[in-house]
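Okay, here's what each chain looks like letter by letter:
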Amino acid sequence: MPRVYVEFAQLKEMGNECRAISVRIDEIQYEFESIIRGLDWDIKYEENINQRAKQIAWKLNNYVQALKSYQEFLDDAYNTYMKLDEWDKDRD
């Protein structure tokens, strides 16, 4: 019967990296939105800067949500593989 070999440490590390990156992007989004809110009205609406800034902030938020989903998937996969590994050890 074929076996799947999983590097548990790397799987967990990838989940942690997704979490760390999503936190950093979230911080960047917050700082970006704070800067935009601090701009004068005439600057915000020149060349539609305010609307463009909102689009960038929305995209950053989507990246954060995607990374959180990846992290949850990796954590679930890690936990499932750990349970399967324990189950396999118990059978021996």
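Residues numbered from 1 in each chain as written. Predicted model: local features only at pLDDT ≥ 70, side-chain atom pairs only at ≥ 80, totals over all residues. Heavy atoms only, no water.

J.: Report on the overall build of the protein chain, specifying residues and quantitative values.
T.: Of the regular secondary structure elements, the protein chain holds three helices and zero strands. In sequence order, the protein chain lays out its α and β elements as α-α-α. Here the protein chain has a C-alpha radius of gyration of 21 Å; the compact-globule value for 92 residues is 12 Å, and the former is much larger. Buried positions account for 21% of the 92 residues belonging to the protein chain. Contacts spanning at least 24 positions in sequence make up 81% of the contacts within the protein chain whose residues lie at least 6 apart. Surface summary for the protein chain: the accessible area is close to 7,600 Å², and the carbon and sulfur share equals 54%. Taking the average place of the 13 positive charges on the side chains of the protein chain and the average place of its 19 negative ones, the gap between the two points comes to 3 Å. (Helix = DSSP H or I, 4+ residues; strand = E, 2+ residues; numbered from the N terminus. Rg over C-alpha atoms; globule rule 2.2 N^0.38 Å. Buried < 20%, exposed > 50% of the residue type's maximum accessible area, 1.4 Å probe, protein only. Contact = heavy atoms within 4.5 Å. Areas by Shrake-Rupley, 256 points an atom, 1.4 Å probe, with all protein chains shown as cover. Lys, Arg positive; Asp, Glu negative; His and termini not counted. Charge placed at Lys NZ, Arg CZ, Asp CG, Glu CD.)

J.: Lay out the environment of Phe32 with the relevant residues and their values.
T.: Tracing the backbone shows Phe32 in helix 1 (residues 8-38). Measuring from C-alpha to C-alpha, the distance between Phe32 and Cys18 comes to 21 Å, with 14 residues separating the pair along the chain. When residues no more than four places from it in sequence are discounted, the contact partners of Phe32 are Ala53, Ile56 and Ala57.

J.: Would you mind going over unusual backbone geometry in detail, with residue names and values included?
T.: Note on backbone geometry: most residues besides glycine have negative phi, and most peptide bonds are trans. Unusually for a residue other than glycine, Glu47 sits at a positive phi of about 60°. By the secondary structure assignment, Glu47 is in the loop between helix 2 (41-44) and helix 3 (49-91). Located in the positive-phi region is Asn48, a residue other than glycine, with phi close to 60°. As for its placement among the helices and strands, Asn48 is situated in the loop between helix 2 and helix 3.

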